[in-house]
Amino acid sequence: MATSKSVRSPKVVNIEDLRRLARRRLPRAVFDYVDGGAEDERTLDDNVRAFRDVTFRPRNAVAIRTCDLKTRVLGQEISFPAMIAPVGYARLMHPGGEVAAARAAGEAGTGFILSTISGHKLENVKTATKGPVWYQLYLVGGREAAIAGIERAQNAGFSALVITVDTPVAGMRERDPRNGMRELVGGSVLAKLPYVPNILAHPRWLISYLLDGGSPKLENIVIPGKGPMALLDVTAALAAAAVEWNDLRWIREVWKGPIVIKGVLTGDDARRAADEGATAVVVSNHGGRQLDSVSASLRALPEVVAAVGGGIEVLMDGGVRRGSDIVKAVCLGAQAVLCGRAYAYGLGAAGEAGVARALEILKDDVARTLYLLGCPNVGALDATYLDTRLLLPAPR
Ligand code: GLV
């Protein structure tokens with residue numbers, strides 16, 4: 001897809017530019033759902049700050065003729081070490097939602113992870129992309145609905161199941177109640193009234209939302225005898241989403257492929273995931289949206305990498321806004337990163353074109369960073385390219 005004019009340089013040269021455009025197009029409730037974090041947003045901020053605390057140690061006067069950005073995750077090749085993270089409510093950001101984002105990921109040669117809280121049918125997401133697709137599982141809707149979702153994902157050709165383990169309840173994202181998220185998603189007309197002026201002030205979004213038929217159903221949570229679940233706000237959704245280690249037993253009876261445990265911040269949990277048969281873990285604090293004041297993902301990464309000792313793959317998410325962030329995470333032992341907000345801003349700004357532009361920016365950044373570091377391929381990245389004295393907590 002040719003990059004649409006609205007997201008080309010010089011209008012959009014970095015992810016922050018896409019954020020600015022998303023903020024303009026989206027109603028406040030939708031933008032803040034994406035942009036915000038829990039409580040004081042300390043972890044949200046520190047996810048970004050942690051990358052700043054790491055500096056590079058380049059090898060200069062090294063001529064790199066071509067740079068190889070490719071890597072493999074769970075045995076599948078991707079064109080650079082970043083994939084699209086699961087993000088709920090993508091169809092509210094843009095009608096193309098998960099289908100558009102998956103297509104853009106495939107065009108960029110990388111993978112897409114579909115959230116359970118999604119507005120497009122998982123089968124349509126799979127057929128939209130040439131890249132790998134993984135299914136992220138919440139138990140919203142109960143075990144029977146989850147089993148049906150897992151079976152559909154398996155039949156459709158999803159190649160990994162991602163189980164999120166940091167959502168026993170939803171974090172307190174203070175922007176959401178202020179913006180009337182619950183009322184807008186499920187309240188009466190009267191309850192919605194105070195929030196309507198802000199919606200009307202975003203006509204481009206409103207028109208596309210109305211043309212898309214209004215609030216999408218949660219097409220991948222099908223309640224037996226009832227059909228797809230109606231949209232519910234994230235607090236209500238996650239209140240019913242808790243997963244325990246014990247659940248892995250029945251999940252593994254249904255899902256035959258690799259399992260990725262997302263939401264690991266300690267060596268102990270990483271080892272537990274490996275013992276339970278996970279093929280990979282994602283070092284993640286849910287983008288600073290769950291428990292505030294937990295470690296930034298990048299700060300937790302070295303402990304997890306050391307704990308699993310190469311036995312399983314380690315991915316990470318949280319705070320990635322530049323390709324140089326991706327390079328830093330790989331230097332510290334991540335096989336690849338997952339990008340959530342970075343792509344969601346693009347989706348909210350301009351649909352598929354915005355996601356394509358986000359991925360193009362990040363990929364170009366990674367290539368440029370490797371050339372500037374004097375490193376010929378992502379497989380050669382390691383901690384010797386970094387100064388981490390400001391990052392690392394004391395060894396345990
Ligand atoms: C959904 O998983 C969210 O964190 O908003």
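As a reminder, the structure under discussion sits directly above these lines.
All of these numbers come straight from a predicted model, not from anything done at the bench. For every chain, the first residue of the written sequence is number 1, and numbering continues from 1 onward in sequence order. Given that this is a predicted model, residues contribute local features only at a pLDDT of at least 70 and side-chain atom pairs are listed and counted only at 80 or more, while totals for whole chains, interfaces and linings are drawn from all residues.

**Concerning helix α5 (residues 97–107)**
Rules: With C-beta atoms placed from the backbone, a residue is labelled by how many other C-beta atoms lie within 10 Å of its own: buried for 20 or more, exposed for 12 or fewer, partly exposed between the two. Only DSSP runs of H or I covering at least 4 residues are called helices, and only runs of E covering at least 2 are called strands; the numbering of each starts at the N terminus. Think of it this way: build a C-beta for each residue from its backbone, and any pair within 7 Å is a contact.
Burial within α5 is extensive, with nine of its 11 residues counted as buried. For α5, the full list of buried residues reads Gly97, Glu98, Val99, Ala100, Ala101, Ala102, Arg103, Ala104 and Ala105. In this structure, the buried residues of α5 make contact with β4 (82–84), α4 (90–93), β5 (112–114), α6 (122–128), β6 (133–137) and α18 (341–373). Phi turns positive, to about 80°, at Gly109, one or two residues after α5.

**Quick word on the nonpolar core**
Inside soluble globular proteins, nonpolar side chains tend to come together where they are buried. Stated precisely, the cut-off is as follows: For this analysis, nonpolar core means a set of buried Ala, Val, Leu, Ile, Met, Phe, Trp, Tyr and Cys residues linked through C-beta atoms within 7 Å.
Counting residues in each nonpolar core, the largest one holds 131 residues, and the members touching the most others are Ala101, Val281, Val304 and Val337. Examining the composition of this core, we find that 17 residues originate from one element, α18, more than from any other. For Ala101, the contacting residues outside a window of four places in its chain are Ile84, Ala90, Phe112, Tyr343, Leu347 and Val355.

**Considerations on the environment of Glu244**
With respect to the helices and strands, Glu244 occurs in the loop between α13 (234–239) and α14 (247–254). Accessibility expressed as a C-beta count within 10 Å gives 9 for Glu244, which makes it exposed. Taking the C-alpha atoms as reference, Glu244 lies 9.9 Å from Thr164; in sequence the two are 80 residues apart.

**Things to note about the pairing of strand β10 (residues 259–264)**
Working note: regular strand, side chains alternate between the two faces of the sheet. Selection criterion: The criterion for strand pairing is that DSSP finds at least two bridges linking the strands in question.
Within β10, six of the six residues are buried, leaving the element largely enclosed by the surrounding structure. The sheet contact formed by strand β7 (residues 160–164) and β10 spans four bridges and is parallel. What sits directly across from Val162, in β10, is Val260. In this structure, β10 lies alongside strand β11 (residues 280–283), joined through four bridges in parallel fashion.

**Looking at unusual backbone geometry**
Between Ser9 and the following residue, Pro10, the backbone shows a cis peptide bond with an omega angle of 5°. Mapped onto the fold, Pro10 is located in the segment before α1 (15–25). A positive phi angle, close to 50°, is found at Glu39, a residue other than glycine. Residue position: Glu39 is located in the loop between α2 (28–35) and α3 (42–52).

**Focus on the pairing of β11**
What counts is decided by this rule: Orienting the strands away from the viewer, one traces the path from the first strand over the helix to the second; a clockwise path indicates a right-handed crossover.
Alternating residues of β11 divide into Ala280 and Val282 and Val281 and Val283, and every residue in both groups is buried. Note that the unit made of β10, helix α15 (residues 267–275) and β11 has a crossover that is right-handed. Following the chain from β11 across helix α16 (residues 297–308) to the adjacent parallel strand β12 (residues 313–317), one finds a crossover that is right-handed.

**Digging into the environment of Lys11**
Its location among the elements puts Lys11 in the segment before α1. Under the C-beta neighbour-count criterion, Lys11 is labelled partly exposed, with 13 such atoms within 10 Å. Sequence spacing of Lys11 and Leu21 is 10 residues, and the spatial spacing of their C-alpha atoms is 9.5 Å. Not counting residues within four places of it along the chain, the set of residues in contact with Lys11 comprises Ser6 and Asp17.

**Some remarks on the packing of α1 against α18**
To keep things clear, this is the line we draw: The axes are straight lines fitted to the C-alpha atoms, using for helices just the contacting stretch, and the angles between their N-to-C directions are given from 0 to 180°. Throughout, the term roughly parallel applies to angles under 35 degrees, roughly antiparallel to angles over 145, roughly perpendicular to angles from 65 to 115, and oblique to all others. In a left-handed crossing the near helix is turned counterclockwise from the far helix by less than a right angle, and in a right-handed crossing that turn is clockwise.
As a packed pair, α1 and α18 sit with axes 10 Å apart at the nearest point and diverge in direction by 165°. As summarised for this structure, α1 and α18 are arranged roughly antiparallel, according to the angle between their axes. Every pair of crossing elements has a handedness; the one defined by α1 and α18 is right-handed. Across the interface between the two elements, Ile15, Leu18, Arg19, Leu21, Ala22 and Arg25 of α1 pack against Ala342, Tyr345, Gly346, Gly348, Ala349, Ala350, Gly354, Arg357, Ala358 and Ile361 of α18.

**Overview of the site of the ligand**
Rules: Think of it this way: take the backbone, place a C-beta atom on it, and check whether that atom is within 6 Å of the molecule or strand, in which case the residue is near it. Residues are grouped as follows: nonpolar covers Ala, Val, Leu, Ile, Met, Phe, Trp, Tyr, Cys and Pro; charged covers Asp, Glu, Lys and Arg; every other residue, Gly included, is treated as polar.
Near the ligand the following residues occur: Gly88, Ile117, Val234, His286 and Arg289. Of the residues assigned to the shell around the ligand, the class counts are two nonpolar, two polar and one charged.

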